[in-house]
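Per-entry structural report
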Amino acid sequence: MDEVRPTTGAQAHGLASIFPPGLQAIYGECRRLYPEQANPLQVTAIVKYWLGGPDPLDYISMYRNIGNQPQDIQEHWHYVSFGLSDLYGDNRVHEFTGSDGPSGFGFELTFRLKREVGETAPPTWPAELMQGLARYVFQSENTFCSGDHVSWHSPLDNSESRIQHMLLTEDPQIQPVQTPFGTVSFLQIVGVCTEELQAAQQWNGQGILELLRGVHMAGGPWLITDMRRGETIFDIDPHLQERVDQGIETEGSNLSGVSAKCVWDDLSRPPEDEEDTRSICIGAQPRRLSDKDTEQIREVLRKGLEFNTKAALPPIMASLPRVRKDSLESESSAAIVPHELVRTRQLESVHLKFNQESGTLLPLCLRGRLLHGRHFTYKSINGDTAITFVSTGVEGAFATEEHPYAAHGPWLQILLTEEFVEQMLGDLQELNTREETKLPKEYSWPEKKLKISVLPDSVFDNPLQ
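Here goes a summary of the coordinates provided. (Residues numbered from 1 in each chain as written. Predicted model: local features only at pLDDT ≥ 70, side-chain atom pairs only at ≥ 80, totals over all residues. Heavy atoms only, no water.)

Here's the deal with the nonpolar core
Counting residues in hydrophobic clusters, the biggest one holds 35 residues, and the most contacted among them are Leu352, Tyr378, Ile387 and Phe389. Contacts of isoleucine 387, omitting those with residues within four sequence positions, involve Cys262, Val263, Trp264, Leu352, Phe354, Phe376, Thr377, Tyr378, Trp411, Leu412 and Ile414. With 30 residues, the next largest nonpolar core counts Val43, Leu109, Ala134 and Val150 among its residues. (Core = buried A, V, L, I, M, F, W, Y, C linked by side-chain atoms within 4.5 Å. Buried < 20%, exposed > 50% of the residue type's maximum accessible area, 1.4 Å probe, protein only. Contact = heavy atoms within 4.5 Å.)

With respect to the sheet that holds strand S14 (residues 375-380)
The 6 strands lie next to each other as S10-S14-S15-S17-S16-S12, forming an open sheet whose pairing is mixed. Looking at which strands have only one partner, the edges of the open sheet turn out to be strand S10 (257-260) and strand S12 (344-347). Pairs of neighbouring strands in the sheet enclose a mean axial angle of 20°, with direction left out of account. Bridging between S12 and strand S16 (residues 405-408) involves 4 bridges; their strand directions are antiparallel. Directly across from glutamine 346, in S16, lies its bridge partner alanine 406. Strands S14 and strand S15 (386-390) of the sheet are contacted by helix H10 (residues 362-369), whose axis makes an angle of about 155° with S14. (Pairing = 2+ DSSP bridges. Helix = DSSP H or I, 4+ residues; strand = E, 2+ residues; numbered from the N terminus. Axes fitted to C-alpha atoms, helices over the stretch in contact; angles between N-to-C directions.)

Observations concerning unusual backbone geometry
Residues leucine 439 and proline 440 are joined by a peptide bond in cis, for which omega reads 0°. Along the chain, proline 440 falls in the loop between helix H11 (418-427) and strand S18 (441-445). Phi is positive for asparagine 91, close to 70°, though the residue is something other than glycine. Along the polypeptide, asparagine 91 turns up in the loop between strand S4 (76-82) and strand S5 (102-114). Notably, asparagine 158 is not glycine yet its phi reads approximately 60°, a positive angle. Inspection of the secondary structure assignment puts asparagine 158 in the loop between strand S6 (149-151) and strand S7 (165-170).

Observations concerning the environment of glycine 252
Take glycine 252: it is sitting in the loop between helix H7 (239-251) and S10. Under the relative-accessibility criterion, glycine 252 is labelled buried at 0%. For the pair glycine 252 and leucine 371, spaced 119 residues apart in sequence, the C-alpha separation works out to 8.1 Å. With residues near it in sequence (within four places) discarded, glycine 252 still touches Gln202, Trp203, Gly247, Gly368, His372 and Arg374.

Let's talk about the packing of aromatic side chains
All chains considered together, the criterion is met by 17 aromatic pairs. Both rings, one in phenylalanine 107 and one in phenylalanine 144, keep their centres 6.2 Å apart while their planes meet at 65°; by these two values the pair is edge-to-face. Placement of phenylalanine 107 in strand S5 and of phenylalanine 144 in the loop between helix H3 (125-140) and S6 is noted, with a sequence separation of 37 residues between them. When sorted by exposure, phenylalanine 107 lands in the same class as phenylalanine 144, which is buried. Arranged with centres 5.8 Å apart and planes meeting at 25°, the rings of tyrosine 136 and phenylalanine 144 form a pair that is stacked. The exposure class assigned to phenylalanine 144 is buried, which follows from its relative accessible area of 10%. Among the aromatic side chains, those forming a connected cluster through ring pairs are Phe19, Tyr27, Tyr59 and Phe82. In this structure, arginine 92 is placed above the aromatic ring of tyrosine 88, and the distance from its NZ or CZ to the ring centre is 3.9 Å. (Phe/Tyr/Trp six-rings, centres within 6.5 Å; stacked < 30°, edge-to-face > 60°. Lys NZ or Arg CZ within 6 Å of the ring centre and 35° of its normal.)

Digging into the pairing of strand S9 (residues 182-192)
Most of S9 sits inside the fold, with 9 of its 11 residues counted as buried. In terms of strand pairing, S5 meets S9 through 6 bridges, oriented parallel. In the sheet register, glutamate 108 faces S9, and the bridge partner there is phenylalanine 186. The pairing of S7 with S9 spans 6 bridges and is antiparallel. Along S9, the bridge assignment pairs leucine 168 with isoleucine 189. Note that strand S8 (residues 177-179) and S9 share 3 bridges and pair antiparallel. If you follow threonine 179 over to S9, its bridge partner there is glycine 182. The turn joining S8 and S9, which pair antiparallel and follow one another in sequence, is formed by 2 residues.

Looking at the pattern of salt bridges
Going through the model one piece at a time under the given rule, you end up with 19 salt bridges. Here aspartate 90 makes a salt bridge to arginine 92, at a shortest N to O gap of 2.7 Å. Arginine 345 is paired through a salt bridge with aspartate 266; the nearest N and O atoms lie 3.2 Å apart. Highlighted residues: arginine 345 in strand S12 and aspartate 266 in strand S11 (residues 262-266), separated in sequence by 79 residues. (Salt bridge = Lys/Arg side-chain N within 4 Å of Asp/Glu carboxyl O.)

As structure tokens, this is what we get:
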């Protein structure tokens, strides 16, 4: 990546006819906001993604925003990405499907960083941060929505900052644009502390974003990230924790699933059974999720569940067109067993394995989701394994009260009654603490034929050791 100055402003107006229309539409919206900055500093990918380069975003423009003191909006740097939407319309990156739907992935990323005293040029580290998020989107094909969270587990600027995670929200200034290749909205990255991320997971992202807007030091109305912020919103105003606790109690969590380090074992079959693929066993060759299962899980992770509606898993569809090829698809994917031929298996006994971060979300899964009649999915980042916990009120599940453990290929569903959820919450209480737990930890419910292990990351990172 390299810093350049783009050909915009008066010069760009003369070249408008040769500017890619998608690019021109976003430039136009930026010029509306910053008419005096027609030639902003810009970070560009030296080798474009469509030419084999590693960076999906062609450009990131950086603007100086003077803020608005009467409205409690401080001066800051404003970053805007170009590349998650379709800039060119010629299928070089995104498949062109018409102007009525989303352009590319349908959004671009923005970021607002507090300008430090004496700072004359914007820091460029946010550009690499945005490229990292864009790589995730391109590789996973999972899009972001307002209220989503990103567990980053590292200071966003590689410093010693407490700002180590992100929430996403609509940019307060940039309006959605209509391009010849579809619509583009703008999602703003908001840097948050670990405690704020955990509150968003346990309750919901929109609620925490609203609390952040009300605290000047934590971002204010436009949610401007201050990497030097050393206190959480709960340190600044302890009463905010009460609002979060009340929200969790009355509304539950709207986090319907996470990408995680997890595997599961079918203990119903002996290991020597050659018919048992043991697809989710560490060290075994995994069976791939079918396209239909993958799309259903993506739907779970993408949309979650609306409050005050009946909980239901998206149906397993007999056929579902794929908009684009999976960027992580292996050459052997053509040999996948057709979805219709993968039967659902009822299991008698299962063993679930999570890393510590995933394990600490189990109380959230149980209290914030299942006790409110919802479901929660862990999707493995290391393969096609998926584990979905469902309550008795969830429609469309293939796990039932008669057969509470059921698998469809490498996708396991576990149905838990309210009584068993309450029992598990009591037994898993130590996972609620923020202190490091000595691993491994084993939890077992013999009468239910269920076992859960919380294991070190190394077990998942080096599965053959």
